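# Report on the structure
Below, each chain spelled out in residue letters.
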Amino acid sequence: MAIARSVDRRLFFLLDRSHALLSKKADKSLRESAGLGRAQAAVLTYLGYNDGCRLTELAQGVGHNNSAITALSERMDSAGLIERRKVLFDGRGRTVHLTEQGWAKRAIVMDVMRDFNGAIRKGFSEAEMETIFRFLNAAGE
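Residues numbered from 1 in each chain as written. Predicted model: local features only at pLDDT ≥ 70, side-chain atom pairs only at ≥ 80, totals over all residues. Heavy atoms only, no water.

### Observations concerning the overall build of the protein
We count it as follows: Where helices and strands are cited, they refer to DSSP runs of H or I of at least four residues and of E of at least two residues respectively, numbered from the N terminus. Our radius of gyration looks at C-alpha atoms and nothing else; its globule reference is 2.2 Å times the residue count to the power 0.38. A simple rule labels every residue: compare its accessible area, found with a 1.4 Å probe on the protein chains alone, to the largest value its type can have, and call it buried under 20%, exposed over 50%, or partly exposed in between. Contact between two residues is taken to exist if any of their heavy atoms lie within 4.5 Å; hydrogens are not considered. The protein chains shown are the only cover counted for residues, whose accessible areas, like all others here, come from Shrake-Rupley with a 1.4 Å probe. His is not counted here, nor are the chain ends, while Lys and Arg score as positive and Asp and Glu score as negative. Charged groups are reduced to one reference atom each: NZ for lysine, CZ for arginine, CG for aspartic acid, CD for glutamic acid.
In terms of regular secondary structure, the protein is built from 6 helices and 3 strands. For the protein, the sequential pattern of α-helices and β-strands runs α-α-β-α-α-β-β-α-α. Compactness check: the protein gives a C-alpha radius of gyration of 18 Å against a globular reference of 14 Å for 141 residues, more than 25% above the reference. Over its C-alpha atoms, taken along the principal directions, the protein stretches across nearly 65 × 30 × 30 Å. Across the 141 residues of the protein, 25% fall into the buried class. Restricting the contact set of the protein to residue pairs at least 6 apart, pairs at least 24 apart contribute 49%. A total accessible area of about 9,900 Å² is found for the protein, and carbon and sulfur atoms account for 54% of it. Side chains of the protein give 22 positive and 17 negative charges; the mean places of these two sets differ by 5 Å.

### Here's the deal with a nonpolar patch on the surface
Note the following rule: Note that patches include only residues with greater than 30% relative accessible area and no salt bridge, and the join distances are 9 Å for like charges and 5 Å for nonpolar side chains (Val, Leu, Ile, Met, Phe, Trp, Tyr). Here, a salt bridge means any side-chain nitrogen of Lys or Arg that lies within 4 Å of a carboxyl oxygen of Asp or Glu.
Residues Leu11, Leu15, Phe135 and Leu136 make up a contiguous nonpolar surface patch of about 340 Å² in total accessible area. At the level of elements, helix H1 (11-34) and helix H6 (126-139) are the ones that each hand at least two residues to the nonpolar patch. Position of Leu11 among the secondary structure elements: in helix H1.

### Quick notes on the sheet that holds strand S3 (residues 90-98)
The condition that has to hold: The pairing criterion is simple: DSSP has to find at least two bridges between the two strands. For every element, the axis is a line fit to its C-alpha atoms; helices are fit only across the contacting stretch, and the angle between N-to-C directions ranges from 0 to 180 degrees.
Pairing is antiparallel in the open sheet, where 3 strands are placed in the order S1-S3-S2. Looking at strand neighbours, the two that pair on one side only are strand S1 (53-54) and strand S2 (82-87), the edges of this open sheet. Helix H2 (residues 38-50) rests against S1, S2 and S3 of the sheet, and its axis sits at about 95° to S3.

### Quick look at helix H5 (residues 100-121)
Along an α-helix, residues three or four positions apart point the same way, because every turn accommodates 3.6 residues. Note the following rule: Expected helix span is taken as 1.5 Å per residue step, with the number of steps being one fewer than the number of residues.
In a regular helix each residue adds 1.5 Å, so 22 residues correspond to 32 Å; H5 covers 32 Å between its end C-alpha atoms and thus fits that length. Taken residue by residue, H5 has Gly102, Arg106, Val109, Met110, Val112 and Phe116 as its buried positions. Next to the buried residues of H5 lie H1, H2 and S3. Of the residues one or two after H5, Gly123 is the one with positive phi, at around 90°.

### Some remarks on the layout of surface pockets
Empty pockets left among the atoms are what a rolling probe the size of a water molecule brings to light. Note the following rule: Think of a 1 Å grid over the protein atoms and nothing else: a 1.4 Å probe that fits but is trapped marks a cavity, an open set flanked by protein within 12 Å on at least five of seven lines marks a pocket, and residues with an atom within 4 Å of a point count as lining. Grid points are joined across faces, edges and corners, and a volume is the space filled by probe spheres set on the points. Classes in brief: Ala, Val, Leu, Ile, Met, Phe, Trp, Tyr, Cys and Pro nonpolar; Asp, Glu, Lys and Arg charged; the others, Gly included, polar.
Its volume calculated, the largest pocket comes out at about 1,200 Å³. Leu22, Phe116, Asn117, Ile120 and Leu136 are the residues nearest the centre of the largest pocket, which is lined by 28 residues in total. Counting only elements with at least two residues in the lining of the largest pocket, the list comes to H1, H2, H5 and H6. Take the lining of the largest pocket: its biggest share by element is 9 residues, from H1. Class assignment for the residues of the lining of the largest pocket results in 20 nonpolar, 6 polar and 2 charged. Counted as a void, the second largest pocket has a volume near 210 Å³.

In C-alpha cells:
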C-alpha cells in the first residue's frame, strides 16, 4: 500500500507542471498589458540588455534555435518592434536593434514581469529565494 504524502515529491513533474501553469499566466498578463506573447517579450527583454547583437546571439540568449528566432524576428520587424540590419562584410549576418516602439513595449514588459516575479516570490525569504535560484540555475545546466 502506498503512503500518502502531503507534498508531491516528483521533482520533474512539479517543475514541468509549474512551468506550464506559470507560462500560461505570464502569456495572459503579457497579452493583456502589452499585446505580446512570452517569446516576443523575451526578445525585447534580451535586446534591452544586448541591443545590436547578432541573430545567433539572440537565439542563444532567449533559448530558441536559429530558424525559430529568424521567423520571430521577421514578425517583430514587420510589427515595428525591432529592426534587423545587415552586417558589413557578412552577407548573411544580421544584427537586431530595438526600435522606439520596441523600447516602449519593453518598458511595459519589464513592469508586467516585475509584478509577476513579485507575486511568485511572495511568502519566500531572501535565503529561500537564493536556494531556489541556485537550484534552478544548476538544473538548467
